[in-house]
Amino acid sequence: MSPSKVSTIAWDSFHNTVDGKPRGGKEKHRGVNPATGEELWEVPIANQQDVDDAVVSAQKAFESWSQVPMEKRKEQITKFKEHYLNYVDEMTDLLCEETGKPRQVAEMETKGVVGFIDFHLSLTLPEEREEDHEKVMLTRYTPLGVVGAICPWNFPIILSLGKVIPALLTGNTVIIKPSPYTPYTTLKVVELAQEIFAPGVVQAVGGDDKLGPMLTTHPNIQKISFTGSIATGKKVMAAAASTLKRVTLELGGNDASIVLPDVDIKKVAPELVMGAFQNSGQVCVATKRIYIHQDIYDEMLKEMVEFTKTIKTGAPGSNALLGPIQNKMQYEKVQTFFADSKAKGYKFAVGAPEVEQGKGYFIQPTIIDNPPNDSRIIQEEPFGPIVPTQPWTDEEEVIRRANNTNAGLGACVWGKDVERAERIGKRLQAGSVFVNSWEKPTPQAIFGGHKESGIGGEWGKEGIKAYCNAHVLHTYKQK
Ligand code: NAD
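Looking at an unreviewed UniProt entry, one finds the chain named aldehyde dehydrogenase (NAD(+)) and attributed to Recurvomyces mirabilis. Its UniProt record gives the chain the following Catalytic activity (unreviewed entry) comment, quoted word for word: "an aldehyde + NAD(+) + H2O = a carboxylate + NADH + 2 H(+)".

In structure tokens, the structure reads:
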């Protein structure tokens, strides 16, 4: 039996969780509702002592949790899932407050995370047996110890539970650090988890940007699973080197979408647009460059512009398709791409060169028509609703153009000739390539970046090994 819906959960006060107990702090900060610009609730800023205490508790919990058979761990994870589902409406409300996402979009995350949990519940770790004339070799995968999970602000629930569940399944204990911009849902998820798991199995420390380095340099944390920007990912890897921690780095992307001349223009145009503007472009694998065959360039762009004009941007309750940019720092960063495109005289196919200023951090989706290859909007990840299109004629040349980036997270190829689309897709240097779909990561497939988009990967059958050491027992035969 999982705990029933209990009234002790307060949805208007928030705390870190250390050793199974609420932990406040002298210093506090507040998130901002990006749809209104209003400050949200206070949350404590964890300090070094909080981190040290959490690590001690996680180490202690690891001694028993790592010995619990996987099937029993799955039972506890299932109870946690059921308990979480009791509160999915409250979680959706909270996610709308902290991210400004339209309610139906927020629900895709709060409810969709169950698919991630269920997939992991279907997995087992392999045990491989090899034998020769003198010995038997048994390869197993054993948990690492204490995992630090450092998360970004664009999908606070999926991206934190996407680390917590495989870490727990494989017998690790985990300390989550949410983004300072979106601490609320993560802190509540971890609070709920305390009613299922023993103290120290899952903990949360939120705070400011001083906190990440406290985790990445801590001698008793064995692994950091980090999702965030390429720049911070490099700092995480450098810091982790001091203790030779394992790292999984899920970083930024500059995803190319290549459109073949045979596509059904009316059908594909809205898909291309949604690939770029899903979650207002704040998706690591959102389409960030669109290469359309010259023969259909004008017509496709026209259809994309028409569809983009129908997209409603607004606050969670407004029936909008897109919400605001999640925070002021990112809102200002995205505006620099508008300013640069305007200053260089690029053509705005749809959207205005200046972002309308209001209370919330809203930006209308914008398409830049054929900027040069060396433009910022082609070279960098804006992480907002602005995307460039360019024409192409030669297959080899467009593959080179798509691959001409330091990033390699996702890519798309669109074409009725699926064989040709797949042939091109196989040559794109990215961890996840989608044929005739925009980028839709799924729990069934390992997700990770090539080049500077990351190290290692998570999810899929292979992803759980990222939370393990290989352990080989060589048993020599008695003569
Ligand atoms: P960010 O790198 O600024 O922050 C990510 C996390 O790192 C936050 O929790 C932050 O507090 C923490 N942090 C900051 N400095 C740190 C340090 N020195 N050491 C350790 N941790 C530190 O990223 P963001 O702005 O939160 O997220 C947006 C970026 O994340 C985009 O580039 C996006 O493409 C990328 N992203 C990647 C994936 C993926 O799976 N590949 C998914 C979502 C987002």
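Now that the structure has been shown, the text picks up again.
(A) Layout of the sheet that holds strand 19 (residues 432-435). Strand order across the open sheet formed by 7 strands is 14-15-16-13-12-18-19, with mixed pairing between neighbours. Among the strands making up the open sheet, the edge pair consists of strand 14 (347-350) and strand 19. Sheet twist, expressed as the average angle between the axes of neighbouring strands with direction ignored, equals 25 degrees. Pairing between strand 14 and strand 15 (residues 366-369): 3 bridges, direction antiparallel. Bridge pairing in strand 15 links Val350 to Ile367. Each of strand 14, strand 15 and strand 16 (386-392) is contacted by helix 11 (residues 328-343), which is oriented at about 45 degrees to strand 16, the strand it contacts most. Running at roughly 165 degrees to strand 19, helix 14 (residues 418-426) makes contact with strand 12 (255-259), strand 16, strand 18 (410-414) and strand 19 of the sheet.

(B) Structural view of the site of the ligand. Around the ligand there are 28 residues in total, and Cys151, Ser229, Thr232, Leu251 and Glu381 lie nearest to it. Separating an oxygen atom of the ligand from a side-chain N or O atom of Asp209 is a distance of 2.8 Å. For the ligand, an oxygen atom lies 2.8 Å from a polar atom in the side chain of Thr232. Notes on the ligand: free accessible area 850 Å², of which the protein chains cover 90%. Of all elements in the fold, only helix 7 (211-216), strand 10 (223-227) and helix 8 (230-241) reach the threshold of two or more residues within the shell around the ligand. Take the shell around the ligand: its biggest share by element is 3 residues, from helix 8. Across the shell around the ligand, the residue classes break down as 15 nonpolar, 8 polar and 5 charged. Structurally, the shell around the ligand is a two-domain feature, drawing no fewer than three residues from each of domain 1 (16-251 + 453-473) and domain 2 (255-445).

What counts and what doesn't
Residues numbered from 1 in each chain as written. Predicted model: local features only at pLDDT ≥ 70, side-chain atom pairs only at ≥ 80, totals over all residues. Heavy atoms only, no water. UniProt positions renumbered as here; feature names shortened; annotations may be inferred. Pairing = 2+ DSSP bridges. Helix = DSSP H or I, 4+ residues; strand = E, 2+ residues; numbered from the N terminus. Axes fitted to C-alpha atoms, helices over the stretch in contact; angles between N-to-C directions. Contact = heavy atoms within 4.5 Å. Near = heavy atom within 4 Å. Polar contact = N/O pair within 3.5 Å; in protein donor to acceptor, adjacent residues only side chain to side chain. Areas by Shrake-Rupley, 256 points an atom, 1.4 Å probe, with all protein chains shown as cover. Nonpolar A, V, L, I, M, F, W, Y, C, P; charged D, E, K, R; others polar. Domains from an automatic or database assignment.

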